[in-house]
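Tertiary structure, described
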Amino acid sequence: MTGTAPQHTDVEGVDGGVGLTALLVAAARTIETHRDDSLARDAYAEHFVRAAPACADWPVRIEQVPDGDGDPLWGRFARYFGLRTRVLDDFLLRSVRTGPRQVVLLGAGLDTRALRLNWPSGCTVFEIDRAGVLEFKHRVLTDLAAIPKAKRVAVPADLRTDWVSALTGAGFDLAAPSVWLAEGLLFYLPGPAETHVIDTVDKLTAKGSALAFEAKLEKDLLAYHDSPIYTATREQIGIDLLHLFDKGPRPDSAGALRAKGWSTSMYTPFDFTRRHGHGPLPEPNDALEGNRWVFAHKPRP
Ligand code: SAM
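What you see is a predicted model, and the numbers here were worked out from it, not measured in a lab. Once a new chain begins, its residue numbering starts again from 1 and follows that chain's sequence as written. With pLDDT at 70 or above as the cut-off, local features in this predicted model cover only qualifying residues; side-chain atom pairs require 80 or more to be listed or tallied, and sums for whole chains, interfaces and linings still use all residues. The basis for every side-chain value is the complete set of heavy atoms in the structure, and neither hydrogens nor water enter the calculation.

1. A few points about the site of the ligand
As a matter of local geometry, the ligand sits amid 21 residues, with Arg-29, Gly-107, Asp-129, Asp-158 and Glu-183 nearest to it. In the analysis that follows, any N or O atom pair within 3.5 Å is treated as a polar contact, provided that within protein one partner can donate a hydrogen and the other can accept it, and provided that, for residues neighboring in sequence, both atoms belong to side chains. Within the contact set of the ligand, an oxygen atom lies 2.6 Å away from a side-chain nitrogen or oxygen of Asp-129. Exposure was quantified through the Shrake-Rupley algorithm and a 1.4 Å probe, taking into account, for residues, occlusion by the shown protein chains and nothing else. Relative to its free-state accessible area of 590 Å², the ligand is covered by the protein chains to the extent of 97%. The class makeup of the residues in the shell around the ligand is 10 nonpolar, four polar and seven charged. For each residue, the test is whether any non-hydrogen atom lies within 4 Å of the molecule or strand; if one does, the residue is near. Think of it as three bins: nonpolar holds Ala, Val, Leu, Ile, Met, Phe, Trp, Tyr, Cys and Pro, charged holds Asp, Glu, Lys and Arg, and polar takes everything else, Gly as well.

2. Section: the packing of helix 3 (residues 72-97) against helix 11 (residues 269-276)
Note on geometry: axes are C-alpha line fits, over the in-contact stretch for helices, and angles between N-to-C directions span 0 to 180 degrees. Note on conventions: DSSP H or I runs of at least 4 residues are helices, E runs of at least 2 residues are strands, and numbering of each starts at the N terminus. Contact pair helix 3 / helix 11: the axes reach a minimum separation of 10 Å and the direction vectors enclose 80°. Judged by the inter-axis angle, helix 3 sits roughly perpendicular to helix 11. From helix 3, Arg-76, Tyr-80, Leu-83, Arg-86, Val-87 and Asp-90 reach across to helix 11, where they touch Pro-269, Phe-270, Phe-272, Thr-273 and His-276. Of the residues assigned to the contact of helix 3 with helix 11, the class counts are six nonpolar, two polar and three charged. For classification, angles of less than 35 degrees are called roughly parallel, those exceeding 145 degrees roughly antiparallel, those between 65 and 115 degrees roughly perpendicular, and all remaining angles oblique. Contacts are assigned to residue pairs that have any heavy atoms within 4.5 Å of one another.

3. Thoughts on helix 3
Expected span, for any helix, means 1.5 Å times one less than how many residues it has. Between the first and last C-alpha of helix 3 there are 36 Å, a value that for 26 residues agrees with the 38 Å anticipated at 1.5 Å per step. Along helix 3, the sharpest kink reaches roughly 25°, centred on Ala-78. Burial classes follow relative accessibility: with a 1.4 Å probe on protein chains only, a residue under 20% of its type's maximum area counts as buried, one over 50% as exposed, and anything between as partly exposed. Of all 26 residues in helix 3, 20 are buried, a share of seventy percent or more. Where helix 3 starts, the residue carrying a side-chain oxygen 2.9 Å from the main-chain nitrogen of Leu-73 turns out to be Asp-71. Gly-99 sits one or two positions beyond helix 3 and adopts a positive phi of about 135°. Note that bend, as reported per residue, equals the angle between axes fitted to the 7 residues terminating at that residue and the 7 residues originating from it.

4. Digging into the packing of aromatic side chains
Ring pairs are drawn from Phe, Tyr and Trp, using the six-membered ring of Trp, whenever the two centres fall within 6.5 Å, and their geometry is named by plane angle: stacked under 30 degrees, edge-to-face over 60, tilted for the rest. Scanning all chains against the criterion turns up 18 aromatic pairs. Between Trp-58 and Trp-74, the aromatic rings sit 5.6 Å apart at their centres with planes inclined by 50°, giving tilted as the arrangement. Of the two residues, Trp-58 sits in the loop between helix 2 (45-51) and helix 3 while Trp-74 sits in helix 3, which places them 16 residues apart along the sequence. What makes Trp-58 buried here is its relative accessible area of 8%.

5. Considerations on the pairing of strand 4 (residues 178-182)
With respect to burial, strand 4 is a largely interior element, five of its five residues being buried. Inspection of the sheet shows strand 1 (residues 102-106) paired to strand 4 by five bridges, in the parallel sense. Paired with Leu-105 across the bridge in strand 4 is Leu-181. We call a crossover right-handed when, viewed with both strands directed away from the observer, the connection leading from the first strand over the helix to the second proceeds clockwise. Assessed by its sense of winding, the connection that carries the chain from strand 4 through helix 7 (residues 191-204) to strand 5 (residues 210-216) is right-handed. Any two strands with at least two DSSP bridges between them are considered paired.

Nothing here speaks to function; it is geometry throughout.
Here it is in structure tokens:
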């Protein structure tokens, strides 16, 4: 990676609403990257944060946060994103080792896995998100002359509409196995749109494919107005996550996949905190309590 971060790039599409949440994750990854006990390093994340006017006064090192790890947003929540990044990095690399060479990132946002991870040769990473988010990402990475470690294909699409032709038109091969990721995405979509995404993943995947996604228990999308994490996110950087989450009933996507023959396993983030020795643990009035990470596999014949 070369060059310095561009300042105040136009960020239409990423600078407001759900797009801004991609910058929140990038800021968290920036802080995680520079921790002594970092679980995931993303050298690109800071460049996105510095390029977006909306983040002008966000911290990029834990040392810049007055309460440090005690800060619900830049301490605990950022650590959550660091842990999630590491766990899903591991899932993707483990999955491609079994053969698939196509990776699809649903709601890719400012995910830089195509540039960060050591992919086996012949991998293609398809990044689906709204056009404005992908254009911002492209501008920042182009200014850095960043070189991907896999073939990287941006697929601008709204996942609430028909996105299949955009993906297949971008070169996705229906006959070959694939690995999919929906990280921090599904709870922003209306329930029927989530169901459509999961059904579509099933239709587009050959045997031997895998999918990981993050879900939230339904009750959590209506509760925790005064949880420290959501309150700090709203008050410190003006992102009201509970407002952005879809409030309708959530489908049982893991159950739907099992009914289609997939195997699934489900974990809490706290399971991985215990495994890695770093990350959030349960606390009272905890907005993370209902988060679930689901790993699904479509068996080979
Ligand atoms: N997965 C990325 C990561 O973890 O770094 C980004 C997570 S961010 C919280 C949510 C992303 O989902 C945003 O980039 C947003 O633009 C995208 N997104 C939300 N609704 C979408 C939709 N209907 N179509 C496409 N992308 C969407």
